[in-house]
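Take a look at the letters that make up each chain.
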Amino acid sequence: FSNPLMGIALLGSSLSYCDRLIIHPLLGGAFVTIYSVASFMGKTVSATFEPISTVILGYCSNKNYNIKLKNYLFICALALISSAILMLVCYILSPFILSIIYPDIYSEALEFVLLSSISYLFLCAESIIRPINLSNGKQGKMLIIQGAYFVLYVILAIILVKKYYLIGFCVASIISN
């Protein structure tokens, strides 16, 4: 990529659809639906973190921002704690909300809600930390890291889905995030 930021954004957004591209050929369309329902709350919450990420990136890039390690670690901890609280709320509310929105399939999806919520917890925290890394790190290096993450995610997902079905996909998402 001539512009590392474009490559990072492309890899990041393609991961949003990777679940369907991996699950469908290996397990079939019914499992895509089950995973989509199980991850609905986590995806919804993580989507709200993207605008926050954009604001943080704008702030960091406009201020010639250099962050001290202590502050960086504090932000990482804060991102993880806030993501964990939101994902706990998602996990608690999921049975109620999913039973209303998806009454026919929510019972099949419930066993995957916790694992998919954990996966999205890490994704939410990462979306808060990413702009700080982008503004303080080398963008080419970040593109390599994002590419490695993409490859790890796809390889783990394929291997674990073949062995453990949808649980394997959830575990691959957690490990790679």
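In case you missed it, the structure is sitting above this.
Residues numbered from 1 in each chain as written. Predicted model: local features only at pLDDT ≥ 70, side-chain atom pairs only at ≥ 80, totals over all residues. Heavy atoms only, no water.

The subject of this paragraph is the environment of Ser 53. Relative to the elements of secondary structure, Ser 53 occurs in helix α3 (residues 40–62). Taking the C-alpha atoms as reference points, Ser 53 and Ile 129, separated by 76 residues in sequence, lie 7.9 Å from one another. In contact with Ser 53, other than residues within four places in its own chain, are Ser 127, Arg 130 and Pro 131. (Helix = DSSP H or I, 4+ residues; strand = E, 2+ residues; numbered from the N terminus. Contact = heavy atoms within 4.5 Å.)

Let us now look at the packing of helix α4 (residues 69–101) against helix α5 (residues 106–136). Look at α4 against α5: their axes get within 8 Å of each other, and the N-to-C directions meet at 155°. Judged by the inter-axis angle, α4 sits roughly antiparallel to α5. Crossing geometry of α4 relative to α5 is assigned as right-handed. Class assignment of the residues belonging to the contact of α4 with α5 gives a composition of 22 nonpolar, five polar and no charged. (Axes fitted to C-alpha atoms, helices over the stretch in contact; angles between N-to-C directions. Parallel < 35°, antiparallel > 145°, perpendicular 65-115°, else oblique. Left-handed = near helix turned anticlockwise from the far one by under 90°. Nonpolar A, V, L, I, M, F, W, Y, C, P; charged D, E, K, R; others polar.)

Within the element layout of this structure, Ser 127 appears in helix α5. Owing to a relative accessible area of 2%, Ser 127 belongs among the buried residues under this scheme. Reaching out from Ser 127, the side chain makes a polar contact with the backbone oxygen of Cys 124 at a distance of 2.7 Å. In this structure Ser 127 touches Phe 49, Glu 50 and Ser 53, once residues within four positions along its chain are discounted. (Buried < 20%, exposed > 50% of the residue type's maximum accessible area, 1.4 Å probe, protein only. Polar contact = N/O pair within 3.5 Å; in protein donor to acceptor, adjacent residues only side chain to side chain.)

Below, the discussion takes up α5. With 31 residues, α5 should cover 45 Å at 1.5 Å per step; its first-to-last C-alpha distance of 43 Å lies within 8% of that length. The sharpest bend along α5 measures roughly 50° and falls at Phe 112. (Expected span 1.5 Å × (residues − 1). Bend = angle between axes of the 7 residues up to and from the residue.)

Before going further, it helps to spend a moment on unusual backbone geometry. Generally, phi is negative for residues other than glycine and the peptide bonds are trans, each holding for most cases. Positive phi, normally seen in glycine, also occurs at Tyr 165, with a value near 60°. Note that Tyr 165 resides in helix α6 (residues 139–176).

For the rest of this paragraph, the subject is the packing of helix α2 (residues 29–38) against α5. Running from amino to carboxyl end, α2 crosses α5 at an angle of 60°, the nearest separation of the two axes being 7 Å. The pairing of α2 with α5 is recorded here as oblique in orientation. You can see that α2 and α5 cross each other, and the crossing is right-handed. For the pair formed by α2 and α5, the contact residues are Ile 34, Tyr 35, Val 37 and Ala 38 on the first element and Tyr 106, Glu 108, Ala 109, Phe 112, Val 113, Ser 116 and Tyr 120 on the second.

Throughout the structure, instances matching the rule amount to four aromatic pairs. Both rings, one in Tyr 153 and one in Phe 169, keep their centres 6.0 Å apart while their planes meet at 70°; by these two values the pair is edge-to-face. The same class applies to Tyr 153 as to Phe 169, namely buried. One aromatic cluster in this structure is built from Tyr 35, Tyr 149, Tyr 153 and Phe 169. (Phe/Tyr/Trp six-rings, centres within 6.5 Å; stacked < 30°, edge-to-face > 60°.)

These results come straight from atomic positions and should not be treated as a statement about function.
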